[in-house]
Amino acid sequence: MELNRRTVIAGAAAAGVTAALSGTAHATGGHRPVKSLFGKLADGTKIYSWALENGGTRLKVLSYGGIVQSLEIPDRRGRYTNVSLGFDTIEDYVSSSPYFGALIGRFGNRIAKGRFTLDGKDYQLSVNDGENSLHGGAKGFDKVVWDIEPFTKGSDVGLYLYYTSVDGEMGYPGTLKTKVTYTLTRSGDWRIDYEATTDKATVVNLTSHVYWNLAGESSGTIYDHELSIAASRYTPVDSGLIPTGELAKVAGTPFDFRRTKTVGEDIRVAHQQLLYGKGIDHNWVLDKGISAKPEWVATLRDPSSGRTMRIATTEPGLQFYSGNFLDGTLVGSGGSIYRQGDALCLETQHFPDSPNQPSFPSTTLRPGQTYRTTTVHSFSA
């Protein structure tokens, strides 16, 4: 059953309930992706931008980091704006980007002290977040150049992105061959399909790090955005933002988004977990668990524009980050300074530090297996 921009979700991500999908999409014709030069790296490597449009959604993707440089959707009056944070130049992405729009790997989120043991062997990863490894290390998948091939398939348009991470890169074992597919459907959905294979046992946790502001990327904070997450538990963290191993109930805490509420409603509550994260930077344990097909897990809405994004995924976790470390030192593509709370991230993934947490769903990938996950973003107004 197609996930589309006019989908009506019964219960709007009510906890533990997989909603029925129905409705009719308003389709507009897709156009073959258009390639243009975006800039050059210091060593002369050319970085290209790919522009896609389908079903009323406009997407620009860079070969550097697989970055979503912009994603434009209309409001209730049909007015388009870019709803993702980013930069206008490759130099800014290289020098100062906090993962704006990027593909994340080999391992999304944190691994404690950059260490894990697999099949009795200890591995030391690149450490880039205090004493921990974050988003694959100092040169994760967000900082490499991806090979990109455009495609049209029926009424869909998209990009195939390829990258091979060699054995030992950032400390990870095994040569990992990665393929990520970005698809814009005739309904305007943005679908991401992740695939990877390895020649040696390793750990993998791929995700996308788009910073969302459905009012527009230079419009101010997202604290008035309305959010629901179909999760009854989350993973509390220590002061280094590493999970303690507990799957804590969200009931009675600022982390309860089972009913729709604004992002800012409880974000200033004096709760130790919010103090650790300087806001929200936590993993939600999705009620559905791992699923064979994408299931709806979250809904984000900007009441001022009517823009709504619904997320469906096969993954068991959702990292919600409220833009706490945007500190006013970055100037975005809209010409405004990005400050704390100017966007949020909703990263579908396995849980942080899973290689060191035996009770968490496994992130181990072995030779002969294929890593596969899917996430769908559906837009409406």
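Just above sits the structure.
Calculation rules
- Residues numbered from 1 in each chain as written.
- Predicted model: local features only at pLDDT ≥ 70, side-chain atom pairs only at ≥ 80, totals over all residues.
- Heavy atoms only, no water.
- Helix = DSSP H or I, 4+ residues; strand = E, 2+ residues; numbered from the N terminus.
- Rg over C-alpha atoms; globule rule 2.2 N^0.38 Å.
- Buried < 20%, exposed > 50% of the residue type's maximum accessible area, 1.4 Å probe, protein only.
- Core = buried A, V, L, I, M, F, W, Y, C linked by side-chain atoms within 4.5 Å.
- 1 Å grid on protein atoms, 1.4 Å probe; cavity = no way out; pocket = protein on both sides within 12 Å on 5 of 7 lines; lining within 4 Å.
- Points joined across faces, edges and corners; volume = space filled by probe spheres on them.
- Nonpolar A, V, L, I, M, F, W, Y, C, P; charged D, E, K, R; others polar.
- Pairing = 2+ DSSP bridges.
- Axes fitted to C-alpha atoms, helices over the stretch in contact; angles between N-to-C directions.
- Salt bridge = Lys/Arg side-chain N within 4 Å of Asp/Glu carboxyl O.
- Phe/Tyr/Trp six-rings, centres within 6.5 Å; stacked < 30°, edge-to-face > 60°.
- Polar contact = N/O pair within 3.5 Å; in protein donor to acceptor, adjacent residues only side chain to side chain.
- Contact = heavy atoms within 4.5 Å.

When you go through the chain residue by residue, the secondary structure sums to two helices and 31 strands. The globule rule puts the C-alpha radius of gyration for 381 residues at 21 Å, and the 19 Å found for the chain is close to it. Dimensions of the chain, computed from the C-alpha atoms along their principal axes, are close to 55 × 55 × 45 Å. A total of 381 residues make up the chain; the buried ones form 56% of that total.

Moving on, we get to the nonpolar core. Nonpolar side chains in soluble globular proteins generally cluster together in the buried interior. Of all hydrophobic cores here, the largest spans 58 residues; its most connected members are Trp190, Trp212, Ile229 and Phe320. Counting 21 residues, the second largest nonpolar core, distinct from the first, contains Leu85, Ile90, Leu134 and Ala343.

Scanning all chains against the criterion turns up one cavity of 30 Å³ or more. Size it by volume and the largest cavity reaches roughly 70 Å³. With three residues, strand β29 (residues 345-349) is the single largest residue contributor to the lining of the largest cavity. Here the residues of the lining of the largest cavity sort into five nonpolar, five polar and one charged.

Cis geometry is adopted by the peptide bond preceding arginine 106, which originates at glycine 105 and carries an omega value of 0°. Of note, arginine 106 is situated in the loop between β8 (102-104) and β9 (110-111). Even without being glycine, methionine 170 reaches a positive phi, approximately 55°. Assignment of secondary structure puts methionine 170 in the loop between β14 (156-165) and β15 (176-184). Residue classification places methionine 170 among the partly exposed positions, given a relative accessible area of 24%. Positive phi outside glycine occurs at aspartate 353, with the angle close to 55°. Tracing the sequence through the fold places aspartate 353 in the loop between β29 and β30 (364-365). Residue classification places aspartate 353 among the buried positions, given a relative accessible area of 3%.

Let us look at the sheet that holds strand β3 (residues 31-40). Pairing is antiparallel in the open sheet, where five strands are placed in the order β3-β4-β5-β6-β7. The outermost strands of the open sheet, each flanked by one partner alone, are β3 and β7 (80-82). Averaged over all adjacent pairs, the angle separating strand axes in this sheet is 15°, with direction ignored. Alignment of strand β4 (residues 46-54) against strand β5 (residues 57-62), held across six bridges, turns out to be antiparallel. In the sheet register, leucine 52 faces β5, and the bridge partner there is leucine 59.

Our focus in this paragraph is the layout of surface pockets. Within this model, the largest pocket holds a volume of roughly 470 Å³. Together, 26 residues line the largest pocket, and Tyr99, Arg110, Asp129, Leu134 and Phe325 are the ones closest to its centre. Elements supplying a minimum of two residues to the lining of the largest pocket: β26 (317-321) and β27 (327-331). Ranked by residue count, the leading element in the lining of the largest pocket is β27, at three residues.

Another point: the pattern of salt bridges. Tallying each qualifying case throughout the model produces 13 salt bridges. Among the salt bridges present, the one from arginine 58 reaches glutamate 53, with a minimum N-O distance of 3.6 Å. Note that aspartate 266 and lysine 261 form a salt bridge whose closest N and O atoms lie 2.6 Å from each other. A relative accessible area of 4% means that lysine 261 is categorised as buried. Taken together, the shared-partner salt bridges in this structure form one network comprising Glu53, Arg58 and Glu72.

It is worth spelling out the packing of aromatic side chains at this point. One pass over the full model with this rule turns up 23 aromatic pairs. Aromatic pair phenylalanine 116 and tyrosine 123: ring centres 5.3 Å apart, planes at 25°, arrangement stacked. Relative accessible area serves as the criterion here: at 2%, phenylalanine 116 is assigned to the buried category. Both rings, one in phenylalanine 255 and one in tryptophan 284, keep their centres 5.7 Å apart while their planes meet at 55°; by these two values the pair is tilted. Pair noted here: phenylalanine 255 is in the loop between β21 (248-249) and β22 (261-262) and tryptophan 284 is in strand β23 (residues 281-285), with a separation of 29 residues, a long-range link.

Attention now moves to the pairing of strand β13 (residues 147-153). Here β13 runs beside β14; their pairing, made up of seven bridges, is antiparallel. Note on β14: the bridge partner recorded for lysine 153 is aspartate 156. In sequence, β13 turns back onto β14 through a hairpin of two residues, with glycine 154 there showing a positive phi of about 65°.

To continue, consider the environment of arginine 233. Structurally, arginine 233 can be placed in strand β20 (residues 233-235). Residues arginine 233 and alanine 248, spaced 15 residues apart in sequence, show a C-alpha to C-alpha distance of 5.2 Å. Looking at arginine 233, its side chain comes within polar contact range of the main-chain oxygen of leucine 247, at 2.8 Å.

Okay, the environment of leucine 326 next. Within the secondary structure, leucine 326 sits in the loop between β26 and β27. The buried category is assigned to leucine 326, whose relative accessible area is 5%. When the C-alpha atoms of leucine 326 and aspartate 342 are compared, they prove to be 7.6 Å apart, with 16 residues separating the residues in sequence. Those residues in contact with leucine 326 that sit more than four places away from it in its chain are Leu85, Pro98, Phe100, Tyr211, Tyr321, Tyr338, Arg339, Gln340, Asp342 and Ala343.

Read these as spatial facts, not as claims about activity.
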